[in-house]
Amino acid sequence: MHEHARRLATIVVHAGERAAPLTATPTTTPIYTSATYVYPTLAALDAAFADGDGYVYTRHGNPTVAALEAAVTAVEGGVGAIACASGMAALHAAILAAGTPRGETGPQPRGILIARDIYGSTAVLVRELFAAHGVPVAAVDMGDLAAVAAACAELHPDVIIAEQLSNPLLRVIDVAGLARVARTAGARLIIDNTIATPLLQQPLALGADLVVHSATKYLSGHGDAAGGVVVARSGLVRDTLVRQSRLIGASLGPFEAQQILRGLKTLALRLERQCANAAQVAHWLAAQPAVTRVIYPGLATHPQHALADVAFGGRFGALVTFDLADRSRMALERWFDGLRMIVPGTTLGDVFTLASAPAVASHRELSVAQRAERGIGETTIRLSLGIEAVEDIIDDLADALQRAGDGSTTGEA
Ligand SMILES: *Cc1c(COP(=O)(O)O)cnc(C)c1O
């Protein structure tokens, strides 16, 4: 066959591309930006399609994203995972897969039972994407297994969603107990493990069917990537997740996948330090007269301290919630504006210490009375401890408390 000499307009498009695969393996996963993949023959492409696991198109599967999925599957002890564009996309995918009848493709769950103090956007997701379309939804205290069983008897849910360590009140749940109740009710249990992380607890080993992460938080850990992951305990649920996510297309991009995969490598180191910092800060805060309530599962005053101690193997997470004794908005503003190192930001799980005010951020849509009913005060502050030297964190907290007290009736001038 005659080889044509190509024009420059063609050469600039194709030159250098599609080299043969490396014979050596890169030590870390490259970022594969390719939207599609070439096979030597059409028959080979046909086989890749038929196999279902061959790379043909990036929404169906991407090697960089697959590396992250494999890593989180290993860390959570599941059989497979899908990575999504955000934690919310992961929750949506998990609800759809959990509500899909065994071995079939069902349009909707039959009923969804959620934790009363679940992440705000999860409650809205369930309300607007499911309840509004006729799926019965109810909320219950997931710490009260008898109440969960009673709600199941009434609602007959096929999906139950709970969080290990709620935000900002840091309630601890008995995942194994909840899994037993879910199994009896014929429901699949989704645990949002974003805040506890697999370092504290692996819900799949305790009987949960799916684990969800906002990878934006601890898995990534550096505040520079958004993503979500769903991990399945059974092959059936994994296959449903994969099939549905290919249709919905909320898949994670390869750049974020690489960043999260990189962050994941230091999860254990980061979290050890963050938990130690949180424990020290919680004890320090508990001794401050300008602070009233301190919520931390590692404190003996926490209502589920004993449960947390057993469940988390002596670690208690890296979030600490407290209230300023001065309940005025001015005191809250002076405290936040008095921070010099701690970052006032509405996320959690980063290497730097973050502070947020639920009344201003996560729970701002609620009235003062509704917040009070949920145990959230107007000067409640949630800290997400970073990996800095704990002395510097405490110095910054002390200075901010001093400034919050300045000009108030209780504080020193
Ligand atoms: C942040 C968060 C989410 C949502 O994750 P995004 O990545 O922001 O979409 C879900 N659940 C919990 C517990 C979270 O903290």
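Residues numbered from 1 in each chain as written. Predicted model: local features only at pLDDT ≥ 70, side-chain atom pairs only at ≥ 80, totals over all residues. Heavy atoms only, no water.

Counting its regular elements, the protein chain contains 15 helices and 12 strands. Against the globule reference of 22 Å for 413 residues, the protein chain gives a C-alpha radius of gyration of 24 Å, in line with a compact fold. Taking the principal axes of the C-alpha coordinates as reference, the protein chain spans close to 90 × 55 × 35 Å. For the protein chain, the proportion of its 413 residues judged to be buried stands at 48%. (Helix = DSSP H or I, 4+ residues; strand = E, 2+ residues; numbered from the N terminus. Rg over C-alpha atoms; globule rule 2.2 N^0.38 Å. Buried < 20%, exposed > 50% of the residue type's maximum accessible area, 1.4 Å probe, protein only.)

Moving on, we get to the pattern of salt bridges. Throughout the structure, instances matching the rule amount to eight salt bridges. Asp 239 is the salt-bridge partner of Arg 238, the closest N and O atoms lying 3.1 Å from each other. Residue classification places Arg 238 among the partly exposed residues on the basis of a relative accessible area of 27%. Of the charged contacts in the structure, one is a salt bridge between Glu 378 and Arg 371, with a shortest N-O distance of 2.9 Å. Judged by relative accessible area, which is 6%, Arg 371 ranks as buried. (Salt bridge = Lys/Arg side-chain N within 4 Å of Asp/Glu carboxyl O.)

This part takes up helix α2 (residues 42-51). Three or four residues apart is the spacing at which side chains of an α-helix point the same way, because the helix has 3.6 residues per turn. Burial runs low along α2: only one of the 10 residues are buried. Positive phi shows up at Gly 52, right after α2, with a value of about 85°.

By nearness alone, every residue bordering the ligand is listed as Ser 86, Gly 87, Met 88, Leu 91, Tyr 119, Glu 163, Asp 192, Thr 194, Ser 214, Thr 216, Lys 217 and Gly 227. With respect to the ligand, the side chain of Asp 192 contributes an N or O atom lying 2.7 Å from a nitrogen atom. One of the side-chain nitrogen or oxygen atoms of Thr 216 is found 2.7 Å away from an oxygen atom of the ligand. The element that contributes the greatest number of residues to the shell around the ligand is helix α4 (residues 87-98), accounting for three residues. (Near = heavy atom within 4 Å. Polar contact = N/O pair within 3.5 Å; in protein donor to acceptor, adjacent residues only side chain to side chain.)

Let's shift gears to the sheet that holds strand β11 (residues 354-356). Spatial ordering of the open sheet is given by β8-β9-β12-β11-β10, a layout of five strands whose pairing is mixed. For this open sheet the edge positions go to β8 (291-295) and β10 (343-344), each flanked by a neighbour on one side alone. The pairing of β10 with β11 spans two bridges and is parallel. When the bridges of β11 are listed, Pro 344 appears paired with Ala 355. (Pairing = 2+ DSSP bridges.)

Quick look at the environment of Ala 90 now. Inspection of the secondary structure assignment puts Ala 90 in helix α4. Ala 90 gets classed as buried once you look at its relative accessible area, which sits at 0%. On a C-alpha basis, the gap between Ala 90 and Gly 235 in space is 18 Å, while along the polypeptide they are 145 residues apart. Contact partners of Ala 90, with chain neighbours within four places excluded, come to Cys 84, Val 212, His 213, Gly 228, Val 229 and Val 230. (Contact = heavy atoms within 4.5 Å.)

It is worth spelling out the environment of Ile 387 at this point. Positionally, Ile 387 belongs in the loop between β12 (380-384) and α15 (390-405). In this structure the C-alpha to C-alpha distance between Ile 387 and Arg 270, which are 117 residues apart in sequence, comes to 6.4 Å. Ile 387 has contacts with Arg 270, Arg 273, Gln 274, Asn 277 and Val 351, leaving out every residue within four places of it along the chain.

A word on the nonpolar core. One finds Met 142, Ile 161, Trp 335 and Leu 383 to be the most contacted residues of the largest nonpolar core, which totals 116 residues. For this core, the two domains that each supply at least three residues are domain 1 (42-264) and domain 2 (267-406). With residues up to four places along the chain from it excluded, the contact list for Leu 383 reads Val 281, Leu 285, Ala 318, Leu 319, Val 320, Phe 322, Trp 335, Leu 354, Ala 355 and Leu 397. (Core = buried A, V, L, I, M, F, W, Y, C linked by side-chain atoms within 4.5 Å. Domains from an automatic or database assignment.)

Another aspect to go through is the domain arrangement of the protein chain. Along its sequence, the protein chain is carved into domain 1 (42-264) and domain 2 (267-406). On the domain 2 side, the residues contacting the 27 residues of domain 1 number 36 residues. At the junction of domain 1 with domain 2, the criterion picks out zero salt bridges. Of all the elements in the fold, those that place two or more residues in the side of domain 1 that touches domain 2 are α8 (197-200) and α10 (254-264). Per-element tally for the side of domain 1 that touches domain 2: the top contributor is α8, with four residues. Partitioning the side of domain 1 that touches domain 2 into residue classes produces 14 nonpolar, 10 polar and three charged. (Nonpolar A, V, L, I, M, F, W, Y, C, P; charged D, E, K, R; others polar.)

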